[in-house]
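# Reading the structure
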Amino acid sequence: MARAVQRLLAIQNVLTDNFVSDDQKVDKFILPDGAVMTAKADSVSPINFVHIDGLVVCEYHLLDQTVQLVISAVGTQFENTASHVPSFRVIEILPSSSSPQASTNDISVKDMWATVYALFTLYHSQEVIPVVLSHTINNSEELRSHLLRSGLGRTAHAPTAPKEEIYLHRATFWQGAGTQGYHTRGWLPPSPFSVAPFPYIQSFTRTPTVISAHPLRPPKPKPGETLFRRFCPSIGEILEFTYFNLGSDTSEHLDLFHRWHNSERVNKAWGERGSLEKHKAYVTEVTNDPAVLPVIMSWNGEPMGYAEITYLKENHVGPYISGGPGDWDRGLHVLVGEDKFRGAERTTQWHRSLIHYCFLADPRTEKVMVEPKAENTSIIKVEFDSAMHIATIFDFPYKRSVLACVTRERFFRLDLL
């Protein structure tokens, strides 16, 4: 009973929105395009500033006004008494008198997105952040259009409610709303490969372990291309996923892959110990497979591990998934090669970021699944911490596995990033 109560309290803590403490800061926060941002949440100071590369791009302050985003109760007897829906203070965003656009009182779209990033880092426990754009911002209508058309925010649901406040959504922000097509500051660096979604046309795979019709998959990225970049504040470092560069004569990625797989720890999990020639053949096979994306993971540019991001339709785990996998559902296989990059906090960050990448790469991806050995309790705990649940337990010919799954809606609804 005590353990059950502890788990319920943990769930309650996740679901309860608590306002940020006054001393929390965004300090030397590196944006995906390399710009450095600083901001501070302070409910006492009348004005707070967002600095990017040392320049104040905008100001904001908390108004003495709280609002609710009431949705399902609208049109019912509970519309004006929905006390279970959290109320939050409204934040007013203003231009800065010392910004690069000070003479025009403009805020650029990419700086507006960075400001939203700062707010959801400071007030990360809030599902929504209500903001108003000051009328002193000359391009306030452009920014308002950007927030609403991109899905970063919405106005009040009730037809009679004021429409001045924009409710920024944590879930849509982390799904990349307001990035592609607006600026190049998002977690997916500009690339023909990151343009989604790839159009649908049927294809087919037939192998000794898979017979499946599925969508045609997009061409692979360029060798060594950066696919994902995100600064992790709890670590203070940048996490990057880079497409495997097999090279021609020599390959740093292949040398790392070879060394990692010949370590006792990694071999115990993967069972791929062998020669350099064996590992080159292995990587060549996966790079030639349209359904597998082999990536090197790194912290601040230093390689630390390897991951395979798969399409489940063409994967041998597909037949074990009840109802079958969706056309764009993804799977993960991961190893951490460098011992110094092991540890709970780093593991949490790269695990959640891999899931984050899967959902960012294609908005049609509804689920991400993994199938570790059933006795691997340490990685199963990591998957629980990333909001995954056990869908089933099943037997491959060579191992008993747990099938763990997280849906897009669940992953972005919770405060995981």
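Residues numbered from 1 in each chain as written. Predicted model: local features only at pLDDT ≥ 70, side-chain atom pairs only at ≥ 80, totals over all residues. Heavy atoms only, no water.

### Observations concerning the pairing of strand β12 (residues 237-243)
Our working definition: The buried label goes to any residue with under 20% of its type's maximum accessible area, the exposed label to any with over 50%, and the partly exposed label to all in between, with areas taken from a 1.4 Å probe on protein chains only. Put simply, DSSP H or I for four residues or longer makes a helix, DSSP E for two residues or longer makes a strand, and each gets a number counted from the N terminus. DSSP bridges decide pairing: two strands pair if at least two such bridges lie between them.
Across the 7 residues of β12, 7 count as buried, placing the element largely inside the fold. With burial as the criterion, each face of β12 is covered, one bearing Glu237, Leu239, Phe241 and Tyr243 and the other bearing Ile238, Glu240 and Thr242. Judged from the 6 bridges that link them, strand β11 (residues 226-232) and β12 form a sheet pairing that is antiparallel. Directly across from Thr226, in β12, lies its bridge partner Thr242. Here β11 hands over to β12 after 4 residues, with Gly236 in that stretch at a positive phi of 80°. Bridging between β12 and strand β13 (residues 292-299) involves 5 bridges; their strand directions are antiparallel.

### Thoughts on a nonpolar patch on the surface
The criterion, for reference: Put simply, a patch holds well-exposed residues, over 30% relative accessible area, that have no salt bridge, with like charges counted together within 9 Å and Val, Leu, Ile, Met, Phe, Trp or Tyr side chains within 5 Å. Computed with a 1.4 Å probe, the accessible areas rest on the Shrake-Rupley method; for each residue, only the protein chains presented here act as cover. The term salt bridge refers to a pairing of a side-chain nitrogen on Lys or Arg with a carboxyl oxygen on Asp or Glu at a separation within 4 Å.
Taken together, the side chains of Phe384, Ile390 and Ile393 present a nonpolar region at the surface, about 270 Å² in accessible area. Among the structural elements, Ile390 can be located in strand β17 (residues 389-395).

### Notes on the sheet that holds strand β8 (residues 166-169)
Read across the open sheet, the 8 strands follow the order β1-β2-β3-β4-β5-β6-β8-β7; overall the sheet is mixed. Only two strands of the sheet have a single partner each, and these edge strands are β1 (25-30) and β7 (153-154). The pairing of strand β6 (residues 128-133) with β8 spans 4 bridges and is antiparallel. Counterpart to Val128 in the pairing with β8 is His169.

### What to know about the packing of helix α2 (residues 109-122) against helix α3 (residues 140-149)
Quick reminder of the rule: What counts as an axis is a line fitted to C-alpha atoms, over the stretch in contact for a helix, and the angles between N-to-C directions run from 0 to 180 degrees. Throughout this description, any angle smaller than 35 degrees is read as roughly parallel, any larger than 145 degrees as roughly antiparallel, any in the 65 to 115 degree range as roughly perpendicular, and the remainder as oblique. By convention, the crossing between two helices is left-handed when the near helix turns anticlockwise from the far helix through less than a right angle, and right-handed when the turn is clockwise. Contact definition: two residues touch when any of their heavy atoms are within 4.5 Å. Under the scheme applied, nonpolar residues are Ala, Val, Leu, Ile, Met, Phe, Trp, Tyr, Cys and Pro; charged residues are Asp, Glu, Lys and Arg; polar residues are all the others, including Gly.
Relative orientation of the contacting elements α2 and α3 amounts to 55°, with a least axis distance of 10 Å. By the criterion of interaxial angle, the relationship of α2 to α3 is oblique. Seen along the crossing, α2 lies across α3 with a hand that is right-handed. Counting all contacts with α2, which are made through Val109, Met112 and Val116, the residues of α3 involved are Glu142, Leu143, His146 and Leu147. Of the residues contributing to the contact of α2 with α3, the split by class is 5 nonpolar, 1 polar and 1 charged.

### Examining unusual backbone geometry
Even without being a glycine, Asn300 presents a positive backbone phi close to 50°. As for its position among the elements, Asn300 is in the loop between β13 and β14 (302-311). Here Ala387, not a glycine, exhibits a phi torsion of approximately 70°, which is positive. Among the secondary structure elements, Ala387 is positioned in the loop between α9 (377-385) and β17.

By themselves, these observations are geometric and do not establish any function.
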